[in-house]
Amino acid sequence: MKKYFSLLAITTLTATLGLTSCDDSDDGPELIIDPVETSDGVFVINSGNKSGGIDGSLTYYEYATGKLTQNVYQAANEASLGTTPNHAVVYGSKIYIVGNGEQTIFVADRKTLKNVAMIKVNVNGEAAQPREAVAGNGHVYVSTYQNAVIAIDTLTNEIDNTFESGNYSEGMAIDGKYLYVANSNYGKGFTETSKPSISGIDLTKSRRPIFYEDEQIANPVDVKIVNGRIFILDSGSYDANWNQTGAGVYELIHGVVTKRADATEMAVSNNKIFMINAPYTTPVTTPTYTVFDMESNTTTTFCNGDEIEYPAKISVDPVKGNVFITSYHIGSNGYADYKGAGYCVIYDETGAVKRKFDCGVGAGRVIPNTGVEYVQK
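Rules and cut-offs
- Residues numbered from 1 in each chain as written.
- Predicted model: local features only at pLDDT ≥ 70, side-chain atom pairs only at ≥ 80, totals over all residues.
- Heavy atoms only, no water.
- Helix = DSSP H or I, 4+ residues; strand = E, 2+ residues; numbered from the N terminus.
- Rg over C-alpha atoms; globule rule 2.2 N^0.38 Å.
- Buried < 20%, exposed > 50% of the residue type's maximum accessible area, 1.4 Å probe, protein only.
- Contact = heavy atoms within 4.5 Å.
- Areas by Shrake-Rupley, 256 points an atom, 1.4 Å probe, with all protein chains shown as cover.
- Lys, Arg positive; Asp, Glu negative; His and termini not counted.
- Charge placed at Lys NZ, Arg CZ, Asp CG, Glu CD.
- Pairing = 2+ DSSP bridges.
- Axes fitted to C-alpha atoms, helices over the stretch in contact; angles between N-to-C directions.
- Phe/Tyr/Trp six-rings, centres within 6.5 Å; stacked < 30°, edge-to-face > 60°.
- Lys NZ or Arg CZ within 6 Å of the ring centre and 35° of its normal.

Peer 1: Could you clarify how one ought to interpret the overall build of the chain in this entry?
Peer 2: Counting its secondary structure elements, the chain contains two helices and 33 strands. At 22 Å, the chain has a C-alpha radius of gyration in line with the 21 Å of a compact globule built from 377 residues. By principal-axis analysis of the C-alpha atoms, the chain measures approximately 80 × 50 × 45 Å. The buried share of the chain, taken over its 377 residues, is 49%. Excluding contacts between residues fewer than 6 apart, the proportion of contacts in the chain whose partners are at least 24 apart in sequence is 46%. Element-wise, carbon and sulfur atoms account for 49% of the exposed surface of the chain, whose accessible area totals about 18,500 Å². In the chain, 29 positive and 43 negative side-chain charges are present, and the distance between their average locations comes to 2 Å.

Peer 1: Please clarify how the sheet that holds strand β8 (residues 115-120) should be interpreted in this entry.
Peer 2: The pairing of strands in a sheet comes from backbone hydrogen bonds and takes either a parallel or an antiparallel form. Spatial ordering of the open sheet is given by β5-β6-β7-β8, a layout of four strands whose pairing is antiparallel. Pairing within the sheet leaves two strands with one partner each, and these edge strands are β5 (85-91) and β8. Averaged over all pairs of adjacent strands, the angle between their axes in this sheet comes to 20°, without regard to strand direction. Across six bridges, strand β6 (residues 94-99) lies against strand β7 (residues 104-109) in antiparallel orientation. Its bridge partner lying in β7, I95 is registered against A108.

Peer 1: For this particular structure, what's the right way to read the pairing of strand β28 (residues 298-303)?
Peer 2: Regular strands place side chains that alternate from one sheet face to the opposite one. Summarising the sheet, strand β27 (residues 288-293) and β28 pair through five bridges and their orientation is antiparallel. Paired with T290 across the bridge in β28 is T301. With antiparallel pairing between neighbouring strands as the criterion, β27 and β28 make up a hairpin whose turn holds four residues, including N297 at a positive phi of roughly 55°.

Peer 1: How should the packing of aromatic side chains be read in this particular structure?
Peer 2: By convention here, two paired aromatic rings are described through the distance between centres and the angle between planes. Following the criterion strictly, the structure yields 14 aromatic pairs and no others. On the basis of an interplanar angle of 5° and a centroid distance of 5.0 Å, the ring pair of Y61 and F357 is categorised as stacked. Residue Y61 is located in strand β3 (residues 57-62), and its partner F357 is located in strand β32 (residues 353-361); the two are separated by 296 residues in the primary sequence. Taking 5.3 Å as the distance between ring centres and 75° as the angle between the ring planes, the aromatic pair formed by F274 and F302 counts as edge-to-face. Separated by 28 residues along the polypeptide, F274 in strand β26 (residues 272-277) and F302 in strand β28 bring together distant segments of the chain. As far as the burial class goes, F274 and F302 line up, both buried. Cluster of aromatic residues (ring-pair linked, three or more members): Y61, Y63 and F357. The positively charged end of K356 is found above the aromatic ring belonging to Y343, 4.3 Å away from the centroid.

Peer 1: Quick question: what am I supposed to make of the sheet that holds strand β31 (residues 341-347) here?
Peer 2: Taking strand neighbours across the sheet as the criterion, the four strands line up as β29-β30-β31-β32 in an open arrangement whose pairing is antiparallel. Because the sheet does not close on itself, it has two edges, and the strands there are β29 (310-317) and β32. Averaged over neighbouring strand pairs, the angle between their axes works out to 20° when direction is ignored. Note: β31 against β32, six bridges, orientation antiparallel. By the bridge assignment, A341 is partnered in β32 with V361.

Peer 1: I'm lost on unusual backbone geometry in this one. Help?
Peer 2: Trans is the common state for peptide bonds, and a negative phi is the common state for residues other than glycine. Here the residue pair T282 and P283 is connected by a cis peptide bond, since its omega of 0° sits within 30 degrees of zero. Secondary-structure assignment places P283 in the loop between β26 and β27. The backbone of T84 sits at a positive phi, close to 50°, despite the residue not being glycine. Residue position: T84 is located in the loop between α2 (72-77) and β5.

Peer 1: In this structure, what is going on with the pairing of strand β15 (residues 169-175)? I would like to understand it.
Peer 2: Extensive coverage of β15 is indicated by the burial of five of its seven residues. Relative to strand β16 (residues 178-183), β15 runs antiparallel, the two sharing five bridges. Within the sheet, the bridge partner assigned to I174 lies in β16 and is L179. Here β15 hands over to β16 after two residues, with G176 in that stretch at a positive phi of 70°.

Quick look at the structure:
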């Protein structure tokens, strides 16, 4: 039987063994305790609707009970997340919620949702717009629209470093001591004064990052590193009528860019990239839902998406193997209802539907509520 221990129990047990095990010749079973990553449920980041005066919120879905709770942050703190919260990351015992409109990182206990800190985002003494977050090395890194990434010390909940990045930074990935950042240049493409790029930041040294630029990558909004392979989500470009073209997942191999699939959203888990392709076009392009296998370098259908009215984001929980697609409802006018509550569909890794649940207004990213348990073998 596997036995699970809390961190406090591990510390107490270690101290006790240290006091009583004075003779190295004592016989007895060897105590082997391994850390195991767990996932209790998921948060959904609802961005609200700024033009409609609707604040953002947090939805929570619990795996064990199937319990669904709306406005969990607001209920725990009697306070709002403000306008356009657009990303979050769970790290250690806390969740870090990126409040773009409030220029604030809301830090809360991941289980109680009680606020423990509110970090005002600034770059060189000026308020900055935070975009996305990624965690590692005892820090939470937050991209901004001010050509910089801030580093938050998770012990002090203070900004303790700022790194240069490219124009209008979005999604990021950590690979060891390096942080890779997708710099979208706000979709303006290559101009005389600014360019889209991927920047590689050495987190151990204070020096200018390495920038990768390629005209095939016009509007990079996310980057993922898997076993040394670099994948970039590019939102492409828009014509005079706002028709979106060129969006896709690209791989960067030894300085050469290869397009892997047409896509407007991606999520990565277990050597697979789950993708939505729903470009903004007139007339409307029928969305597709596919999966790219990194071992075979092939793309196949993930699901038919009959449950999705108007897709928003795709996310994964690598611990449980669940895939999440959030969606808007279609309004009476035949278009997405951006001011109405959305919903989320849970799939397994084969594309089979497991459950559908309601979310708030502007349902977007799904963030797994992960933690670590210690298991005695």
